[in-house]
Each structure stands twice: as C-alpha cells, then as structure tokens.
Amino acid sequence: MAPAKKIVFKTKHELAVELAKYTANLSSKFCKERGIFTVVLSGGDLISWLWKLLEPPYADSIEWSKWYIFWVDERVCGWDDADSNYKLAYDGFLSKVPIPAENIYAIDKGLGAEGNAELAAERYEECLKEKVNKNIIRTYKSSGFPQFDLQLLGMGPDGHMASLFPGHDQINEKVKWVTFITDSPKPPPKRITFTLPVINCASYNVMAVCDKEQAHSVAAALTHTKDVPAGRLTADVEVVWFLDQAAASKLKGWCSVL
Ligand SMILES: O=C(O)[C@H](O)[C@@H](O)[C@H](O)[C@H](O)COP(=O)(O)O
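Parameters and conventions
- Residues numbered from 1 in each chain as written.
- Predicted model: local features only at pLDDT ≥ 70, side-chain atom pairs only at ≥ 80, totals over all residues.
- Heavy atoms only, no water.
- Near = heavy atom within 4 Å.
- Polar contact = N/O pair within 3.5 Å; in protein donor to acceptor, adjacent residues only side chain to side chain.
- Areas by Shrake-Rupley, 256 points an atom, 1.4 Å probe, with all protein chains shown as cover.
- Nonpolar A, V, L, I, M, F, W, Y, C, P; charged D, E, K, R; others polar.
- Helix = DSSP H or I, 4+ residues; strand = E, 2+ residues; numbered from the N terminus.
- Buried < 20%, exposed > 50% of the residue type's maximum accessible area, 1.4 Å probe, protein only.
- Pairing = 2+ DSSP bridges.
- Axes fitted to C-alpha atoms, helices over the stretch in contact; angles between N-to-C directions.
- Contact = heavy atoms within 4.5 Å.

Before going further, it helps to examine the site of the ligand. Taken together, 15 residues form the shell around the ligand, and within it Asp73, Arg75, His160, Ala162 and Lys186 come nearest. In this structure, an oxygen atom belonging to the ligand sits 2.9 Å away from a side-chain N or O atom of asparagine 85. One of the side-chain N or O atoms of histidine 160 is found 2.6 Å from an oxygen atom in the ligand. Here the ligand, which alone exposes 420 Å², has 92% of that area covered by the protein. Broken down by class, the residue content of the shell around the ligand amounts to 2 nonpolar, 8 polar and 5 charged.

What follows covers the environment of glutamate 102. Counting through the fold element by element, glutamate 102 comes out in the loop between α3 (85-92) and α4 (109-114). In this structure glutamate 102 comes out as exposed when scored by relative accessible area, which is 59%.

This paragraph deals with the sheet that holds strand β2 (residues 37-41). Sheet strands associate in pairs through backbone hydrogen bonding, adopting either a parallel or an antiparallel arrangement. The strand order across the open sheet built from 6 strands is β1-β11-β10-β7-β2-β3, with neighbouring strands paired in parallel fashion. The open sheet is flanked by β1 (4-9) and β3 (67-71), the only strands paired with a single partner. Here the average twist between neighbouring strands, direction ignored, is 20 degrees. Where strand β10 (residues 204-209) meets strand β11 (residues 238-244), 6 bridges bridge the pair, whose relative direction is parallel. Looking at the pairing, methionine 207 lines up with tryptophan 241 of β11.

The strand order β4-β9-β8 describes an open sheet built from 3 strands, whose pairing is antiparallel. Here the strands that pair on one side only, and so sit at the sheet edges, are β4 (73-75) and β8 (178-181). Neighbour-to-neighbour, the strand axes of this sheet turn through a mean angle of 20 degrees, independent of strand direction. With 4 bridges connecting them, β8 and strand β9 (residues 191-194) associate as antiparallel partners. Each residue of the ladder has a partner; that of phenylalanine 180, found in β9, is isoleucine 192.

Turning our eyes to something else, we now look at helix α7 (residues 215-222). Burial within α7 is extensive, with 7 of its 8 residues counted as buried. Elements in contact with the buried residues of α7: β1, β10 and β11. Of the residues flanking the end of α7, it is histidine 224, one or two places downstream, whose phi is positive at about 55 degrees.

Mapped onto the fold, glutamate 125 is located in helix α5 (residues 117-133). Within the structure, the side chain of glutamate 125 is placed 2.8 Å from the backbone nitrogen of tryptophan 177, a separation counted as a polar contact. Those residues in contact with glutamate 125 that sit more than four places away from it in its chain are Lys176, Trp177 and Val178.

So, in structure tokens, the structure goes:
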C-alpha cells in the first residue's frame, strides 16, 4: 500500500500548474515504457483544473494519440445531458486535445440515455475486460483487477470519491470492477462507479480537492477514518493529495505549501 503524500497550494491556479506537470511527466513515462497511457477521469471540479494541459509546453509535447480515457464514475444519463461527466470532460478538455475518438471510453450511450444503471455498469465492466484482453489496460499482479496508469479523482464534502458514498454498500464490493447506485445522495441519483479494489489498484492516484467545505473530510480521510470512503484511497505506486489551503485548513501540522 502506497503512503499518501499531500501537497498544499496557495491557489487553484498553482494546483492546476502542478497537476499538469505531474500528469505530463507520467504521460511521458508510460508512453515511453508501454506506448500507451491509460487515464481515468472523474466529474466535478477536476476538469476545470486540467486547463494547463491545454497550453504550452504541454499541448504540443504530450503524445495525445497514446492516451486512453476512462471514467471512474458516471451519471446514468445521455451523453449530451447537463449532468454527464462525459460531456463535462468533452467540453472542457477532450474536445481541445487530439486524443483519437476511439480511445475514449464513455458509458454506453443508449443505456445511459435509458437510465439503466445496472446494465450500464455491466457493459462498462465488459468494456474494461475487452481492453485488458487487448493489453490496453494492464492487470494488477495476480489479482486480475485492471490497473490504470493514472486516476484523477475528486472528493465531495461528505468524503465520497467516485460514486462510493458513506453509508452505502457499494464501497464494500470486492469482486465486481464496476457497480451502480440508484439512490446517490449527490444528484443525480443513478450512477455507475469503479469499485474500491479497482480504484486502489491504479499505479498513480491523484486526489485533487479545493475549498473549505471539504476540509473536514480531507482531515478525516488523511487520518484514515474508515467510514470516509476517500480515507480508503491507496494506489500501487503513489497516491498524492493536491489540496488548496482551504481544503487543507483542518489538517494538523500541514506546512508543505508549494
Ligand atoms: O460524478 C461525480 O459527481 C464525481 O465523479 C464525484 O465523485 C466528484 O469527483 C466529487 O463529488 C467531487 O466533486 P467536486 O470536485 O465538484 O467537489
């Protein structure tokens, strides 16, 4: 289990600059080693902190054609729905970089639009299995779970990550790769989500959190309070919390302001 590192930034701007550097370094490492970089996105504010990747020196130097995009969680709705994490990422990031359309794996379009959470979760898991069979996604040691290169995650004020919410059973799933929820406390209610073993098998996990509403859960998660889902986040190689000062304000003894 990788220890959690944390970096506290004075501003969201500085956080975005460092996040771009971190992501670009891993892109270069994995593109060199495997010719492929598998990246998992979440919804929420995260997408708005990826802007620096769209600018020099990254926009032209990143090997975008080798990126493969997945979602750690998705709202069960149409791709053009205002709630869609795919739409959020497409409008704010994916439409601005030359990642081939066939490398972008969103929720099944029809099942999303129909609102069929259970089948959409099954279909997404099948999609991941197919990518494992094609050696696009690696697997974690002998566990058979998929291992993504980099996951970019966010956390809600209640400490949820992906669509794993406190007090809901999805966090305890140990076999499935993708599960679903139909009564999410954060709207909209129907979502699909990676399970905890899949999230924690990633090589690198970044948890990016800003604002004071999250401060209490940041402190709880970083002292590994088990009933806070994000407190159970780990990774194979490294897990790094990217925080602004407000989100870090309830941490005891934080001082590594970048
Ligand atoms: O679909 C979603 O709602 C997300 O993937 C969710 O897990 C998000 O990452 C957190 O709720 C943080 O959201 P904010 O960054 O907007 O606080």
